[in-house]
Amino acid sequence: LWSRGLGDVYKRQLVTIMLTLSGLTSFQSQAITLKEAYDLARSSDPLLQQSAAALNNSKENIVQAKAALLPSIDGEIKSNWQENSNIDDSNDQGYAVNLKQPVYSPALNSAYNKVKIFDDQAKLNYQISEQNLIKRVLDAYVDAMIAKSSLSTAQAQELSLIHISEPTRPER
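(A) Representation of the overall build of the protein chain within the structure. Along its length, the protein chain carries 4 helices and 2 strands. Listing the helices and strands of the protein chain from first to last along the sequence gives α-α-α-β-β-α. Looking at the protein chain as a whole, 20% of its 172 residues qualify as buried. At a minimum sequence separation of 6, the contacts of the protein chain that also span at least 24 residues come to 69%. When the accessible area of the protein chain is evaluated, it comes to approximately 13200 Å², of which 56% is carbon and sulfur surface.

Written out as structure tokens, the structure is:
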């Protein structure tokens, strides 16, 4: 299990999951199910959280790239009031509305298509992170179950050896 190149953080996380699964921790007296182990790991896995953040970022980049292709409108209102005691008062007002629409922009279209490709890549990376998490949790779960079974077998063998080695006492 340790030869797979996981970092120390992930090793500690897997050891914690394995101990929890086998019921050896004081925090939990019963082993948890595989689904519970997966849900626990899913909520705290940094690689999955990193992939989810990248996916959210790529979705926002699509919105921004699409906004560059849409029309934009802005407005301006000006008012100027001057009051003089020697001359008449003056009041100037002005209004302006601007509408901009890119008619054809290969650079904007290319940028939008590029962002969509990056979004597809982020979706795939997230799915890969999910699959890797499933594999890591399953490996840890199976290793914990094997360890628990080995412990039960060793305890049964020890008990059996104790019974065999006890001298038989005649009944009185």
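(B) A look at the pattern of salt bridges. Here the structure, examined in full by the defined rule, presents 6 salt bridges. Measuring nitrogen to oxygen at the nearest pair gives 2.9 Å for the salt bridge that ties glutamate 130 to arginine 42. Of this pair, glutamate 130 sits in helix H4 (residues 106-165) while arginine 42 sits in helix H2 (residues 34-44), and the two are 88 residues apart along the sequence. Classification of glutamate 130 as buried rests on a relative accessible area of 18%. For lysine 78, the salt bridge goes to glutamate 76, with nearest N and O atoms at 3.3 Å.

(C) Structural context of the packing of H2 against H4. Where H2 meets H4, the closest approach of the two axes is 10 Å, and the angle between their N-to-C directions is 130°. The angle between H2 and H4 places the two elements in the oblique class. Note on packing geometry: the crossing formed by H2 with H4 is right-handed. Seen from H2, the contacting residues are Leu34, Ala37, Tyr38, Ala41 and Arg42; seen from H4, they are Tyr126, Glu130, Leu133, Ile134, Val137, Leu138 and Tyr141.

(D) Spotlight on the packing of helix H3 (residues 46-69) against H4. Running from amino to carboxyl end, H3 crosses H4 at an angle of 165°, the nearest separation of the two axes being 8 Å. If you check the angle between H3 and H4, you find them roughly antiparallel. Judged by the sense of rotation from one axis to the other, the crossing of H3 with H4 is left-handed. Considered class by class, the residues forming the contact of H3 with H4 number 16 nonpolar, 6 polar and 7 charged.

(E) Looking closely at the nonpolar core. In this structure, Ile32, Ala37, Tyr38, Ala41, Leu48, Leu55, Ala122, Tyr126, Leu133 and Val137 together form the largest nonpolar core, which totals 10 residues. Going through the elements one at a time, H2, H3 and H4 are the ones with two or more residues in this core. With 4 residues, H4 is the single largest residue contributor to this core.

(F) Summary view of H3. Taking 1.5 Å per residue, 24 residues should reach 34 Å; H3 reaches 35 Å between its end C-alpha atoms and fits that length. For H3, the complete set of buried residues consists of Leu48, Ser51, Leu55, Ser58, Ile62 and Ala65. Turning to H3, the residues buried within the fold contact H2 and H4.

(G) Fine view of a nonpolar patch on the surface. On the surface, a cluster of nonpolar side chains totalling about 310 Å² of accessible area is made up of Leu34, Leu138, Val142 and Ile146. If you tally residues by element for the nonpolar patch, the top one is H4, at 3 residues. Locating leucine 34 in the fold gives a position in helix H2. In this structure leucine 34 comes out as partly exposed when scored by relative accessible area, which is 34%.

Each value, and the rule that gives it
- Residues numbered from 1 in each chain as written.
- Predicted model: local features only at pLDDT ≥ 70, side-chain atom pairs only at ≥ 80, totals over all residues.
- Heavy atoms only, no water.
- Helix = DSSP H or I, 4+ residues; strand = E, 2+ residues; numbered from the N terminus.
- Buried < 20%, exposed > 50% of the residue type's maximum accessible area, 1.4 Å probe, protein only.
- Contact = heavy atoms within 4.5 Å.
- Areas by Shrake-Rupley, 256 points an atom, 1.4 Å probe, with all protein chains shown as cover.
- Salt bridge = Lys/Arg side-chain N within 4 Å of Asp/Glu carboxyl O.
- Axes fitted to C-alpha atoms, helices over the stretch in contact; angles between N-to-C directions.
- Parallel < 35°, antiparallel > 145°, perpendicular 65-115°, else oblique.
- Left-handed = near helix turned anticlockwise from the far one by under 90°.
- Nonpolar A, V, L, I, M, F, W, Y, C, P; charged D, E, K, R; others polar.
- Core = buried A, V, L, I, M, F, W, Y, C linked by side-chain atoms within 4.5 Å.
- Expected span 1.5 Å × (residues − 1).
- Patch = residues over 30% accessible without salt bridge, like charges linked within 9 Å, V, L, I, M, F, W, Y side chains within 5 Å.

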